[in-house]
Amino acid sequence: MTDAAPVRVMGILNATPDSFSDGGRFLDPASALAQARRMAAEGAQILDVGGESTRPGAAAVEAETEAARVVPLIAALRAESAITLSVDTMKPQVARAAVAAGADIWNDVSALTWAADSADVAAELGCQVVLMHMRGDPRTMQAAPRYEDVVGEVEAFLVARAEAAMTAGVARERIWLDPGIGFGKTPAHNLTLLAHLDRFVALGFPVLLGVSRKSFIKALDPTAQDAGERLGGSLACALAGARAGVAAVRVHDVAQTVQALAVDRAISGAR
Ligand code: HH2
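On a predicted model such as this, the values are computed, not experimentally measured, just so you know.

Reading guide: rules and limits
Residues numbered from 1 in each chain as written. Predicted model: local features only at pLDDT ≥ 70, side-chain atom pairs only at ≥ 80, totals over all residues. Heavy atoms only, no water. Axes fitted to C-alpha atoms, helices over the stretch in contact; angles between N-to-C directions. Helix = DSSP H or I, 4+ residues; strand = E, 2+ residues; numbered from the N terminus. Parallel < 35°, antiparallel > 145°, perpendicular 65-115°, else oblique. Left-handed = near helix turned anticlockwise from the far one by under 90°. Contact = heavy atoms within 4.5 Å. Near = heavy atom within 4 Å. Polar contact = N/O pair within 3.5 Å; in protein donor to acceptor, adjacent residues only side chain to side chain. Areas by Shrake-Rupley, 256 points an atom, 1.4 Å probe, with all protein chains shown as cover. Nonpolar A, V, L, I, M, F, W, Y, C, P; charged D, E, K, R; others polar. Buried < 20%, exposed > 50% of the residue type's maximum accessible area, 1.4 Å probe, protein only. Pairing = 2+ DSSP bridges. Right-handed = clockwise from strand over helix to strand, strands pointing away. Lys, Arg positive; Asp, Glu negative; His and termini not counted. Salt bridge = Lys/Arg side-chain N within 4 Å of Asp/Glu carboxyl O. Phe/Tyr/Trp six-rings, centres within 6.5 Å; stacked < 30°, edge-to-face > 60°. Lys NZ or Arg CZ within 6 Å of the ring centre and 35° of its normal. 1 Å grid on protein atoms, 1.4 Å probe; cavity = no way out; pocket = protein on both sides within 12 Å on 5 of 7 lines; lining within 4 Å. Points joined across faces, edges and corners; volume = space filled by probe spheres on them.

*Asks:* Before we move on, can you summarise the packing of helix 2 (residues 63–80) against helix 3 (residues 92–100) with the specific residues and values?
*Replies:* The geometry of helix 2 relative to helix 3 is characterised by a closest axis approach of 9 Å and an angle of 20 degrees between their N-to-C directions. In terms of orientation, helix 2 lies roughly parallel with respect to helix 3. Of the two elements, helix 2 crosses helix 3, and the hand of that crossing is right-handed. Contacts from A63, E66, A67, V70, V71 and I74 of helix 2 reach helix 3 at Q93, V94, A97 and A98.

This is the structure:
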């Protein structure tokens, strides 16, 4: 039997016109709600609702526009379900409104660096917080990223951001870490991080891994030019995460990921 907790699956719901893989599909509230229900039925334990794309080169969105995309959706989901809800935003004012509407987690790809008061707001909200590593910002991050030691540098950044959050008053047990696959990294950097996920797990915080359909997969399979053709690579990464002990994987393809993780876990349990 395996004794580690099963990996949780976080379903991605992008209420945006321009996300790299599902942009425009769930901007309309009825289709967003239908997708959320589908992902919950398929076994997602967390839903991550975003209103601003963070794909390389994405345009920034005003807080009011972003809040208008995500807050009514979070309120509607909270009214009908007890599922854990996460809001994917860098902006404290959007996080504040989302938590008031029922979000449990603030997933911040800027690791509470986007605004001067981000860490204070996170402490005040008392929600869980995901601190993700990114180099630069989404507009600039893929311009020739360089590291001497990508694992060590990402690790040092995440430890520093966790300390800053705790200094501001965020409780240790509310903090998650995420190495930020694809955020200011070459395909080789992403693979090195994926090969050393145990280093992040060893820091003692739950680790979130977001790899689903990301473009580094096409560096390994040039036929996978479209994001929708990267399921196999996404599942391989999810299994690597599970074996390294991550707490959750953030995915577009919930049913397939739940099945792959269940089979992998059953094989481990049969040893
Ligand atoms: N990746 C994306 C967005 N948010 N959050 C965390 N914690 N970790 C990630 O790896 C991560 C994230 C990018 O993926 P997606 O939401 O599908 O696309 P877009 O940013 O274009 O909306």
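Now, onward.
*Asks:* Describe the site of the ligand, naming the residues involved and giving the relevant values.
*Replies:* If you check the shell around the ligand, you find 18 residues, and the closest are S19, S53, T54, D178 and K214. A distance of 3.2 Å separates an oxygen atom of the ligand from a polar side-chain atom of N14. Between the ligand and the protein, one listed contact pairs an oxygen atom with a side-chain N or O atom of T54 at 2.6 Å. In the complex, 98% of the free accessible area of the ligand, which totals 480 Å², lies under the protein chains. Of the residues contributing to the shell around the ligand, the split by class is 6 nonpolar, 7 polar and 5 charged.

*Asks:* Describe the pairing of strand 6 (residues 175–178), listing the residues and the values that go with them.
*Replies:* Residue alternation in strand 6 divides its side chains into two sets, I175 and L177 and W176 and D178, and both sets are buried. Two elements, strand 5 (residues 128–132) and strand 6, share 4 bridges in a ladder whose sense is parallel. From the neighbouring strand, V130 faces strand 6, where its bridge partner is W176. Regarding topology, helix 5 (residues 150–168) serves as the crossover connection from strand 5 to the parallel strand 6, and that connection is right-handed.

*Asks:* Outline the side chain of D178, supporting the account with residue identities and numerical values.
*Replies:* Secondary-structure assignment places D178 in strand 6. In this structure D178 is buried but unpaired, with K214 as the nearest side chain of opposite charge at 6.6 Å. In contact with D178, other than residues within four places in its own chain, are V130, L131, M132, H133, L158, L208 and G210.

*Asks:* Tell me what's going on with the packing of aromatic side chains, and back it up with residues and numbers.
*Replies:* For the structure shown, the criterion picks out 0 aromatic pairs. Positioned above the aromatic ring of Y147, the side-chain terminus of R135 is 4.0 Å from the ring centre. Stacked on the ring of F205, the Lys or Arg R172 has its end atom at 4.1 Å from the ring centre.

*Asks:* Residues and numbers for empty space enclosed by the protein, please.
*Replies:* Sizing a probe to match a water molecule and rolling it over the atoms shows the empty space that remains. Throughout the structure, instances matching the rule amount to 1 cavity of 30 Å³ or more. Volume-wise, the largest cavity comes out at about 40 Å³. Forming the walls of the largest cavity are V211, S212, L231, S234, L235, A238, V251, D253 and T257. Take the lining of the largest cavity: its biggest share by element is 4 residues, from helix 9 (residues 231–244). Taken together, the residues of the lining of the largest cavity break down into 5 nonpolar, 3 polar and 1 charged.

That's the geometry; what it means functionally is another story.
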